[in-house]
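Topology and contacts: notes
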Protein chains: 2
Amino acid sequence: MQIIRTIKDMQVLSRKLRAGHKTIGIVPTMGAFHEGHLSLIRSSKNENDITVVTIFVNPIQFGPSEDFSKYPRDIEGDLSKLSSLGPDIVFLPDDKEMYPNGFAAAVNIGSIGGILCGAARPGHFNGVATVVVKLFNIVMPDNGYFGQKDFQQTVILKKIVTDLDYNVNIIVCPTVREHDGLAMSSRNTYLDHEERKAAPILYKALKLGEEFILSNSEVDASYIKEQIKKYIISEPLANIDYIEIVSVTHLDKVVKIDFPVAICIAVKIGKTRLIDNIIVDRK
Amino acid sequence: MQIIRTIKDMQVLSRKLRAGHKTIGIVPTMGAFHEGHLSLIRSSKNENDITVVTIFVNPIQFGPSEDFSKYPRDIEGDLSKLSSLGPDIVFLPDDKEMYPNGFAAAVNIGSIGGILCGAARPGHFNGVATVVVKLFNIVMPDNGYFGQKDFQQTVILKKIVTDLDYNVNIIVCPTVREHDGLAMSSRNTYLDHEERKAAPILYKALKLGEEFILSNSEVDASYIKEQIKKYIISEPLANIDYIEIVSVTHLDKVVKIDFPVAICIAVKIGKTRLIDNIIVDRK
């Protein structure tokens, strides 16, 4: 497992690998690994000659009042987890390497970045798009691995790949969950004991929505959203940001269910904003 | 000389060339070839295994009141000129191929895109940056060839390469001029007989500015700009858009001459907006 810290070194290596006919899988992460990250790395290892894991807490995808400075960081723990999994390369740049003084370019992904999580986090998805474009240019991967938990992010990255003509497949891997259904997230460490007990309400609410959709032949999205809302507000620690039912390709709001759809929710549990989603398709 | 019209076909070929250890030079053009374009193609052929010439009149770099629809197009003439030069590949996509319905991504290059030509042409350089990023992703070149006549464009593309981590060298080739000094441009065809006679005033004014700078040990940029202005307004058909003296790396306005500097001007001759520039360095 080789650790690379500069863009130049990574580019030289990527070019050599490409010229050597190796397929490259990239797993872009912000570190603080949980089983979700590890599952992405395993998928990449299964499907590519070379797996590059990147660890970089990307400042430009955090808003000014968000948790950039307190976002969990555990490089030693991460590297120890990686060493047992054995990706080929860990790309570990620092902020100055990625955003030197005078950095000015940005990738803008249009209106799809302003809905759902983008409404509460203006600029977030442009920050994600910009860093992923940089990482794609540096690593020149064939395949990029992302978790379904960040569903809007995966749709947006597919759009970036299409619109900007990257020759990269966006591979979306299933959300990994705790035994009680809570989607794994580095931010779960923010939850105190009571909040952690309340947090599975997100997944339970999604399963309730799924049940409503599958048990009826045709039904109003607004009715289903109302049922999900009622269920979540029964939990005193929960504070709903959004509940939406959207198309899986363009995230358009759905009025009548037209399979497949994604139910996407964002809920604050105490001060911690959690997101989750479920894709519901015809049985 | 192979003509390729789809992104997919071009990407398959680029990937094959890269895996075959071929170096690739790209010459992005909007067609309507003059000697300036041909000199870029010759440079690329000299310095790369494979030269890809792209011809695409990029709609998103034209403003709503600009000359997109009447921009000169002469594909047959262009292909005939190319066949005697012999680039390896001509990439010739149409608008739908490059910007299908729903296209939404954009590359934003920040404040450097809002000065000089960017002040008169809002959005122009973001349109340029977006199409060049697409072309780089499709063709995967080692070297990109651009003319110095579009000096701001070359500085901006170097910035895009740096900020977004493209492994591409931006090669700037000298402006090719008519016998009377007029910089070659596809837009020169808009000039009528009288305007064509007046148009060399741009280059003459730049040479005058150069003379002022080189003949004085230290001098105010504003004084030199004033001399250039006086000279240009002596031509009744000329209408000045801007006269600026800027640093060659970041296009910062210069107060006192600090070598090297670029004198950049944009002047309307009749209805046709022409640009030109000259880089002045210590003798």
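Per chain, the residues get numbers from 1 upward, laid out in the order the sequence is written. Each chain is given a letter, starting from A, and each ligand a number, starting from 1, according to the order in which they appear as written. The model is predicted, so local features are restricted to residues of pLDDT at least 70 and side-chain atom pairs to those at 80 or more, both for listing and for counting; the totals for chains, interfaces and linings are taken over all residues. Only hydrogens and water are set aside; all other atoms, that is, all heavy atoms of the structure, feed into the side-chain values.

Regarding the pairing of strand β6 (residues 143-147) of chain A
Residues and elements named next belong to chain A.
- Here β6 lies mainly inside the structure; 4 of its 5 residues are buried.
- Pairing of strand β2 (residues 24-29) with β6, which is carried by 2 bridges, proceeds in the parallel orientation. Residue pairing across strands places Gly 25 opposite Asn 143, the latter belonging to β6.
- Following the chain from β6 across helix α7 (residues 151-164) to the adjacent parallel strand β7 (residues 169-173), one finds a crossover that is right-handed. We call a residue buried when its accessible area falls under 20% of the maximum for its residue type, exposed when it is over 50%, and partly exposed in between, using a 1.4 Å probe and counting protein chains only. Secondary structure elements follow DSSP: runs of H or I of four or more residues count as helices, runs of E of two or more count as strands, with numbering from the N terminus. For two strands to be treated as a pair, DSSP must find no fewer than two bridges joining them. Here a crossover is taken to be right-handed if, once the strands point away from the viewer, the path from the first strand over the helix to the second is traced clockwise.

As for the relation of the copies chain A and chain B
- Placing chain A over chain B gives an RMSD of 0.0 Å and needs a rotation angle of 180 degrees, together with 0.0 Å of translation along the axis. These values place the two chain copies in the arrangement generated by a two-fold rotation axis.
- Whether two residues are in contact is decided by their heavy atoms, any of which lying within 4.5 Å being enough. The share of interface residues of chain A whose copies in chain B are also at the interface is 100%, consistent with both copies meeting through the same surface. Here the copies are superposed with least squares, the fitted atoms being C-alpha atoms of residues at a pLDDT of at least 70 in both.

Things to note about the domain arrangement of chain A
Residue and element names in this part refer to chain A.
- Domain boundaries assigned for chain A yield domain 1 (2-173) and domain 2 (186-276).
- The straight-line distance from the C-alpha centre of domain 1 to that of domain 2 is 26 Å.
- Facing 20 residues of domain 1, the contacting portion of domain 2 comprises 16 residues.
- Overall, the association of domain 1 and domain 2 removes approximately 1,500 Å² of surface from exposure, summing both partners, and the carbon and sulfur fraction of that is 64%.
- The partner of Asp 67 in a salt bridge is Arg 187, and the shortest N-O contact between them spans 2.8 Å.
- Nitrogen and oxygen atoms within 3.5 Å of one another constitute a polar contact, given that in protein one can donate a hydrogen and the other can accept it, and given that sequence-neighbouring residues count only through two side-chain atoms. Connecting domain 1 to domain 2 are 3 residue pairs in polar contact (both at pLDDT 80 or more).
- Elements represented by at least two residues in the side of domain 1 that touches domain 2 include exactly α5 (117-120) and α7.
- The element that contributes the greatest number of residues to the side of domain 1 that touches domain 2 is α7, accounting for 3 residues.
- Partitioned by chemical class, the residues of the side of domain 1 that touches domain 2 number 11 nonpolar, 4 polar and 5 charged. Segment limits for the domains were obtained from an automatic or database-derived domain assignment. Note on definitions: buried area is the accessible-area loss of two parts on being combined, 1.4 Å probe, summed for both. Every case where a carboxyl oxygen of Asp or Glu lies within 4 Å of a side-chain nitrogen of Lys or Arg is listed as a salt bridge. Residues were grouped as follows: Ala, Val, Leu, Ile, Met, Phe, Trp, Tyr, Cys and Pro as nonpolar; Asp, Glu, Lys and Arg as charged; and all remaining residues, including Gly, as polar.

Section: the packing of aromatic side chains
- We call Phe, Tyr and Trp rings a pair once their centres come within 6.5 Å, taking the six-membered ring for Trp, and we label the pair stacked below 30 degrees between planes, edge-to-face above 60, and tilted otherwise. Under the counting rule described, the total for this entry stands at 12 aromatic pairs over all chains.
- Between Phe 136 of chain B and Tyr 166 of chain B, the ring centres sit 5.7 Å apart and the planes meet at 65 degrees, which makes this aromatic pair edge-to-face. Taken together, the residues span a long stretch of sequence, with Phe 136 of chain B in helix α6 (residues 124-139) and Tyr 166 of chain B in the loop between α7 (151-164) and β7 (169-173) at a distance of 30 residues. We note that Phe 136 of chain B, like Tyr 166 of chain B, is buried.
- An aromatic cluster is defined as three or more aromatic residues linked by ring pairs; in this entry it consists of Phe 56, Tyr 99 and Phe 103 of chain A.

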